[in-house]
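Residues per chain, in single letters:
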Amino acid sequence: MGKVVLVTGVARQLGGRFVRRIQRDPDVDRVIGVDAVPPEHHLGGADFVQADIRQPAIARVLAEHGVDTVVHMDVTGTPLGTGGSRTSVKETNVIGTMQLLGACQKSATVQRLVVKSSTSVYGSAPRDPAVFTETTPPKSLPSGGFAKDAVEVEGYVRGFARRRPDVAVCVLRFANILGPCADSPLADYFSLPVLPTVFGYDPRLQFVHEDDVVDVLRIASHDPRRGTMNSGTFNIAGDGVLTLSQCSRRLGRPTVPVLLPAVTWVGSALRTVGVTDFSPEQIRLLTHGRVVRTVQMRETLGFEPKYTTAEAFSDFARSRGAGLLPPEAIARTVDRISTLVVSDGGNVSDARNGSKERI
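Quantities reported herein were computed from a predicted structural model and do not represent experimental measurements.

**Student:** Mind showing me how you'd approach the nonpolar core here?
**Tutor:** In a soluble, globular protein the nonpolar side chains are often hidden away together inside. Within the largest apolar cluster, 30 residues are counted, with the highest numbers of intra-cluster contacts made by Val7, Leu172, Phe174, Leu217 and Ile236. Among the secondary structure elements, those contributing two or more residues to this core are strand S1 (3-8), helix H1 (13-22), strand S2 (28-35), strand S6 (168-174), helix H6 (210-221) and strand S11 (232-236). Dropping the residues within four chain positions of it, Val7 is found in contact with Phe18, Val19, Val31, Ile32, Gly33, Val34, Val71 and Met73. Judged by nonpolar contacts, the second largest core, of 27 residues, contains Ile58, Leu100, Leu101 and Ala103.

Shown next as structure tokens:
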């Protein structure tokens, strides 16, 4: 008998992709996809069970199918479709996770649990370290939104791991997920024709490609390869970083710097007209940024992303089409400007007035 894998959140594109991919693995016998609504995309040969993980019925699903591996992907920051709300998302994230973990704790067959989390658990604050490791405590815990949900979810997962030490538990903290099918508040933000930014700030950002997300979830779902261990908590991100200004140039979208006190008003206005979810946690990310170290991802988990941060963003940018400003024209302009400055050590000196900007 091969593995019986249960995947939550399959009505979303990323969950559907993972289901279609993992069922092709030779050591997987059956895949059960679970969501509160039927998916609009196909799930291949997987069985779909319409069930709300916020309800105790999820325990019956685990028992009836003899599930041994649970991949919890229904931890997200955006509602599914147009009829969802922030309240329903929080209930699914927190209460749904509690119900699922309770069902796993009672199950005699569950041997492995994989949880999709986020690097947003570290928050974004002005006194943050330059790079977060998996053991770095945040300077200030997220006070609301999806980031707070992720913190609570991870707390429940740690409690489950203590109660069921016989179950292998893997928590994957993903950086911002991008790709042609990306569906997130940050993807919506980058799709705006003009990008509002916080005046005086140019945050560093990391991304992970959705293809790499599927691949690393597969690694976490199976028994560890020789010389690796896929139990524990791991940061998942592509190599390198991009600043927000670099992102805007690669998209060909101009920026509109807004003073920090007015950013909240701009975010509220965008949410009101339904353009994008410019939430307070998103504002903090676009102010202070966030960068994580991925040494454990490579050395312990044994995963090497196919896409760097820049490559993941480029693939996303191609899917969104050209912006108002052609990226090629912006690149030529930047090249012309660069001929006017003189590099000296780690500084860039303006040849005309001697002003310096740290790079």
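Next comes the rest of the account.
**Student:** For this particular structure, what's the right way to read empty space enclosed by the protein?
**Tutor:** Using a probe with the size of a water molecule, rolled over the atoms, empty space left in the structure can be pinpointed. Counted under the stated rule, the structure contains two cavities of 30 Å³ or more. In this model, the second largest cavity occupies a volume close to 40 Å³. In terms of lining, the second largest cavity is formed by Thr119, Ala175, Asn176, Gln206, Arg290 and Val292. When its residues are assigned to classes, the lining of the second largest cavity shows two nonpolar, three polar and one charged.

**Student:** Quick question: what am I supposed to make of the packing of helix H2 (residues 57-65) against helix H3 (residues 86-106) here?
**Tutor:** A pair of packed helices is characterised by two quantities: the angle between their axes and the separation of those axes. As a packed pair, H2 and H3 sit with axes 8 Å apart at the nearest point and diverge in direction by 40°. By the angle between their directions, the pair H2 and H3 is classed as oblique. When the axes of H2 and H3 are compared, the crossing they make is right-handed. Residues Ile58, Ala59 and Leu62 of H2 form the contact with H3, whose participating residues are Gln99, Leu100, Ala103 and Cys104.

**Student:** Got a minute to help me understand the pattern of salt bridges in this structure?
**Tutor:** Should the charged atoms of two oppositely charged side chains come close, the side chains can pair. Per the stated rule, a full pass over the model turns up 18 salt bridges. The closest approach of N and O atoms between Asp215 and Lys306, which form a salt bridge, is 3.5 Å. Of this pair, Asp215 sits in helix H6 while Lys306 sits in the loop between helix H10 (295-299) and helix H11 (309-320), and the two are 91 residues apart along the sequence. Judged by relative accessible area, which is 62%, Lys306 ranks as exposed. Notably, a salt bridge pairs Asp239 with Arg298, separated by 2.1 Å at the nearest N-O pair. Residue Asp239 is found in the loop between S11 and strand S12 (242-243), and its partner Arg298 is found in helix H10; the two are separated by 59 residues along the sequence. The partly exposed category is assigned to Asp239, whose relative accessible area is 37%. According to the relative accessible area criterion, Arg298 is partly exposed, its value standing at 22%. One continuous salt-bridge network, built from bridges that share partners, spans Arg17, Glu210 and Asp211.

Reading the values: rules and limits
- Residues numbered from 1 in each chain as written.
- Predicted model: local features only at pLDDT ≥ 70, side-chain atom pairs only at ≥ 80, totals over all residues.
- Heavy atoms only, no water.
- Core = buried A, V, L, I, M, F, W, Y, C linked by side-chain atoms within 4.5 Å.
- Buried < 20%, exposed > 50% of the residue type's maximum accessible area, 1.4 Å probe, protein only.
- Helix = DSSP H or I, 4+ residues; strand = E, 2+ residues; numbered from the N terminus.
- Contact = heavy atoms within 4.5 Å.
- 1 Å grid on protein atoms, 1.4 Å probe; cavity = no way out; pocket = protein on both sides within 12 Å on 5 of 7 lines; lining within 4 Å.
- Points joined across faces, edges and corners; volume = space filled by probe spheres on them.
- Nonpolar A, V, L, I, M, F, W, Y, C, P; charged D, E, K, R; others polar.
- Axes fitted to C-alpha atoms, helices over the stretch in contact; angles between N-to-C directions.
- Parallel < 35°, antiparallel > 145°, perpendicular 65-115°, else oblique.
- Left-handed = near helix turned anticlockwise from the far one by under 90°.
- Salt bridge = Lys/Arg side-chain N within 4 Å of Asp/Glu carboxyl O.

In short, geometric facts, not functional conclusions.
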